[in-house]
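# Summary of structural features
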Amino acid sequence: MSLQSSAWRRVLGKAFRLTNVCLYAVCHRKIDLVDQKRFWEMRSLQGVDDHSAAEADPYYQNFDRTVESYLERYKGLSQSPYVEIGTYQGYRLEKFASRIRERLFIGVDLGFANLRIGKQNFLHSPNVRIVDADACHLPFPSNLADLIYTVVALSHVPFGKIRNALSEIFRVSRRYVLLVEIDCRPMRWRKKLEAISLSYGYMHRYEKLVDHTIARLVETETLRDDKGHPRYTVFLFAKS
Ligand SMILES: C[S@@+](CC[C@H](N)C(=O)[O-])C[C@H]1O[C@@H](n2cnc3c(N)ncnc32)[C@H](O)[C@@H]1O
């Protein structure tokens, strides 16, 4: 690549990020250029995921323990499944399912490419199933699951589709919905701008998007890193 074209790419990248920040501030929208299915499949092919590094990282150890503690709370409620939306290769799905054996865990994601990688590498627990589906059209009956959860998945659903995805998730959930997502609001300015300008990420206001007659927000918890930065937020909803 020539020096000139890489300089142009940088300028275009900056203009794109700036436009997204302005659109977000004015009308809570952004330019959608990313095909999420393709994006996450390409990411797998590039081999950028290092699960053993995540396992050794104290932040993610604590992160996973926290998410698991919410799943543990409700494990004795009934025998209906837990559903994870946006399971990617299923690394966390397997981790949680291997520890909470009382429940069937169903992992949902767009396309089989990544789910197949997970199946080959680490989806071994007998209480795990995987389903190729879009969060906006879940192929499940209403009230199937006691709890549906997401771990940084709805942060990749565009503004124009998020209401559909949430409405499907709350239709399929019988009792609880746990969203562990990026919430830029508690972030410092610099980090907030970085999050808003991400080409493949969307900052949603979950508590505003969920109708109070359908569910109420019962708990939120900010998951901070060792510098105090609020990287992710847990939103726990109970159906009304
Ligand atoms: C950051 S990854 C999720 C990581 C995973 N939850 C974990 O904890 O390892 C985001 C995932 O959301 C999925 N995703 C994005 N939009 C989706 C949609 N509309 N329906 C289902 N999955 C979606 C992507 O395909 C991707 O696998």
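Within each chain, residue numbers correspond to sequence positions counted from 1 in written order. Only residues with pLDDT of 70 or above have their local features reported here, since the model is predicted, and side-chain atom pairs are shown and tallied only from 80 upward, although totals for entire chains, interfaces and linings are computed over all residues. As a rule here, side-chain values come from all non-hydrogen atoms in the structure, and water together with hydrogens is ignored.

## A few points about the domain arrangement of the protein chain
- The domain architecture assigned to the protein chain consists of domain 1 (1-31) and domain 2 (34-187 + 199-239).
- Together, the buried faces of domain 1 and domain 2 total about 640 Å²; carbon and sulfur atoms form 58% of this surface.
- Ranking the residues of domain 1 by area buried against domain 2 places Tyr24, His28 and Lys30 at the top, with a combined share of 73%.
- By convention in these notes, a salt bridge is any Lys or Arg side-chain nitrogen within 4 Å of a carboxyl oxygen on Asp or Glu. Between domain 1 and domain 2 we count 0 salt bridges in total. Segment limits for the domains were obtained from an automatic or database-derived domain assignment. Buried area adds together the accessible area that both of two parts lose upon being put together, with accessible area traced by a 1.4 Å probe.

## Here we look at the site of the ligand
- Around the ligand lies a shell of 16 residues, among which Gly86, Arg92, Asp109, Ala135 and Val151 are the nearest.
- Within 3.5 Å is the distance limit for a polar contact, defined as a pair of N or O atoms, with the added protein rule that one can donate a hydrogen and the other accept it, and that residues adjacent in sequence qualify only through two side-chain atoms. Interatomic distance of 2.9 Å between a side-chain N/O atom of arginine 92 and an oxygen atom of the ligand.
- Computed by Shrake-Rupley with a 1.4 Å probe, the accessible areas treat only the displayed protein chains as cover when residues are assessed. In isolation the ligand exposes 600 Å². Once the protein is present, 93% of that is buried.
- Residues of the shell around the ligand, tallied by class, amount to 9 nonpolar, 3 polar and 4 charged. Only heavy atoms are used to decide nearness, and a residue is near a molecule or strand if one of them lies within 4 Å of it. Each residue receives one of three labels: charged for Asp, Glu, Lys and Arg, nonpolar for Ala, Val, Leu, Ile, Met, Phe, Trp, Tyr, Cys and Pro, and polar for the others, Gly being one of them.

## Looking at the state of the cysteines
- Sulfur atoms of two cysteines make up a disulfide when they are within 2.5 Å. Summed over all chains, the structure comprises 0 disulfides.
- No disulfide involves cysteine 22; its sulfur sits 10 Å from that of cysteine 27, the nearest cysteine.
- The cut-offs for exposure are 20% and 50% of the maximum accessible area for each residue type, with area from a 1.4 Å probe on protein chains only; residues under the lower value are buried, those over the upper are exposed, and the others partly exposed. On the basis of relative accessible area, cysteine 22 is assigned to the partly exposed category, the value being 41%.
- The cysteine cysteine 184 is free of any disulfide, with cysteine 22 supplying the nearest cysteine sulfur at 15 Å.

## Quick word on unusual backbone geometry
- One non-glycine residue, tyrosine 88, lies in positive phi territory at about 60°.
- Numbering of helices and strands runs from the N terminus, with a helix taken as a DSSP run of H or I at least four residues long and a strand as a DSSP run of E at least two residues long. Summarising the element assignment, tyrosine 88 is placed in the loop between β1 (82-85) and α5 (91-99).
- You can call tyrosine 88 buried: its relative accessible area is 15%.
- Phi angles above zero are rare outside glycine, and asparagine 143 is one such case at about 60°.
- Mapped onto the secondary structure, asparagine 143 falls in the loop between β3 (128-132) and β4 (145-151).
- We classify asparagine 143 as partly exposed; its relative accessible area is 41%.

## Description of the sheet that holds strand β5 (residues 173-181)
- Across the sheet, 7 strands lie side by side as β3-β2-β1-β4-β5-β7-β6; this open sheet has mixed pairing. Because the sheet does not close on itself, it has two edges, and the strands there are β3 and β6 (215-224). Pairwise comparison of adjacent strand axes, ignoring direction, gives a mean angle of 20° for this sheet.
- In this sheet, β4 lies alongside β1 in parallel orientation, the contact comprising 4 bridges. By the bridge assignment, glutamate 84 is partnered in β4 with tyrosine 149.
- Sitting on the sheet, helix α6 (residues 112-121) is in contact with β2 (105-109) and β3, with an inclination near 160° to β3. The pairing criterion for strands is at least two bridges between them, as found by DSSP. Between the N-to-C directions of two axes lies an angle of 0 to 180 degrees, each axis being a line fitted to C-alpha atoms and, for a helix, fitted only over the stretch in contact. We call two residues contacting when some pair of their heavy atoms lies within 4.5 Å.

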